[in-house]
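# Inside the fold
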Amino acid sequence: MRTHWTIDSSQSDVLIKMRHSILAYLGGSINQFQGHVDLQNNEIEDATIEFSLDVNNREAKLEQINTYLKLNDFFDVNKYPTISFKSTSFQKVNKNINFLKGDLTIKDVTKTVELDVELVETDYYDGNKKVSFELTGDINRKDFGLAYNSFNQSSGLATGQDIKLVANLEFTI
C-alpha cells in the first residue's frame, strides 16, 4: 500500500548559507513550497520525495541576514523563480540516518546530489497525521553556475565554494 503525503508549506523552511554568511532563510509562512512524499507500506525505505520552492515570491521579505549577499543576484530569481528537488533513491541506514539521492535544479542546471535525511517525527496534530524530515547537504555552487563575485566579504575573500542547504519539511497525510 502506497501513501501520499503533501507538504505543509506553512510548517516548512529552508536555510541557504555559505561559509561565514547566511544567504537566506526562507520560511514557509511567507514562501510557497510544493511537494510530496510517497511511502510504501508506511516504510521510509525507498520513499520518494519531491519538492520545489518559489524563491521569487515578491510578497515575501526574504530575511537576508548578511547585507553583502543578494539572493536575487545569486539565484537570478526573476529568470529562474524555483528551486526543485526530485529523489531518485532513498537509503535507510538506521532510525535517524538516511541518505537521499536525487536531482536538484537551480537556475537552468539539474545535477544529482546526495542529502542526509533525518526523520524528525511522525505524529498526529489536530487529527492529521504528520511526518517531518530535516534534509542537509553541501552543494558546489559552481556546479549550478552560481556566481560569487558579488558575495565577497569586506576582507575581499570569497565566502566559499559550497552552499549548505538545510530544509525542514513537514508533510501531512
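Up top you'll find the structure we're talking about.
Remember, predicted model here, so these are calculated numbers, not experimental data.

Attention now goes to the overall build of the protein. On a plain count of helices and strands, the protein comes out with 1 helix and 10 strands. Going from N to C terminus, the protein has its helices and strands arranged as β-β-β-β-β-α-β-β-β-β-β. Put simply, the protein has 173 residues, and 44% of those count as buried. Carbon and sulfur atoms provide 45% of the accessible area of the protein, an area that totals close to 9,400 Å².

For Thr172, the location among the structural elements is in strand β10 (residues 162-172). Its relative accessible area of 16% is what places Thr172 among the buried residues. A polar contact is formed between the side chain of Thr172 and the side chain of Lys130, at a distance of 3.0 Å. Other than its neighbours up to four places away in sequence, Thr172 contacts Trp5, Thr6, Asp8, Asn128, Lys129 and Lys130.

Within the fold, Glu50 resides in strand β5 (residues 43-54). For the pair Glu50 and Lys86, spaced 36 residues apart in sequence, the C-alpha separation works out to 4.4 Å. Dropping the residues within four chain positions of it, Glu50 is found in contact with Gln34, Gly35, His36, Phe85 and Lys86.

The next thing to look at is the environment of Asn94. Within the secondary structure, Asn94 is located in the loop between β6 (82-92) and β7 (98-106). Once the C-alpha coordinates of Asn94 and Glu118 are considered, the two residues, 24 residues apart in sequence, prove to be 9.8 Å apart.

For the rest of this paragraph, the subject is unusual backbone geometry. Most peptide bonds take the trans form, and the phi angle of most residues other than glycine is negative. Look at Lys107: it is not a glycine, yet its phi comes out positive at around 60°. Mapped onto the secondary structure, Lys107 falls in the loop between β7 and β8 (109-125).

A surface patch of nonpolar side chains, about 240 Å² in accessible area, is lined by Val93, Ile97 and Phe99. Mapped onto the elements, Val93 comes out in the loop between β6 and β7. A residue is classified by how much of its surface remains accessible, and Val93, at 46% relative accessible area, is partly exposed.

This paragraph deals with empty space enclosed by the protein. By the definition in use, this model includes 1 cavity of 30 Å³ or more. Its volume calculated, the largest cavity comes out at about 140 Å³. Forming the boundary of the largest cavity are 13 residues, of which Ile16, Ile83, Leu104, Ile106 and Leu165 lie nearest the centre. No other element matches the 3 residues that β6 contributes to the lining of the largest cavity. For the lining of the largest cavity, the class distribution of residues is 12 nonpolar, 1 polar and no charged.

Calculation rules
All chains use their own residue numbering, which begins from 1 and follows the written sequence. This being a predicted model, a pLDDT of at least 70 is required before a residue's local features are given, and a value of 80 or more before pairs of side-chain atoms are given or counted; all residues contribute to the totals for chains, interfaces and linings. As a convention, hydrogens and water are excluded, and side-chain values are obtained from all of the structure's heavy atoms. Note on conventions: DSSP H or I runs of at least 4 residues are helices, E runs of at least 2 residues are strands, and numbering of each starts at the N terminus. Exposure is judged per residue with a 1.4 Å probe applied to protein chains only, and the accessible area is read against the type maximum: over 50% gives exposed, under 20% gives buried, and values in between give partly exposed. Reported accessibility uses the Shrake-Rupley method at a 1.4 Å probe radius. Residues are deemed covered only where the shown protein chains occlude them. Counting of polar contacts relies on pairs of N or O atoms within 3.5 Å, with two restrictions inside protein: one atom must be capable of donating a hydrogen and the other of accepting it, and residues adjacent in sequence are counted only when both atoms are side-chain atoms. Contact criterion: two residues are considered in contact whenever any of their non-hydrogen atoms come within 4.5 Å of each other. Surface patches are defined over residues having more than 30% relative accessible area and no salt bridge, joining like charges when they lie within 9 Å and nonpolar side chains (Val, Leu, Ile, Met, Phe, Trp, Tyr) when within 5 Å. By salt bridge we mean one thing: a side-chain nitrogen of Lys or Arg within 4 Å of a carboxyl oxygen of Asp or Glu. Grid points spaced at 1 Å and placed over the protein atoms alone form the basis of the search, with a cavity being a set where a 1.4 Å probe fits but cannot get out and a pocket an open set showing protein on both sides within 12 Å along at least five of seven lines. Lining residues have an atom within 4 Å of a point. Grid points are joined across faces, edges and corners, and a volume is the space filled by probe spheres set on the points. Nonpolar residues are Ala, Val, Leu, Ile, Met, Phe, Trp, Tyr, Cys and Pro. Charged residues are Asp, Glu, Lys and Arg, and all others, Gly as well, are polar.

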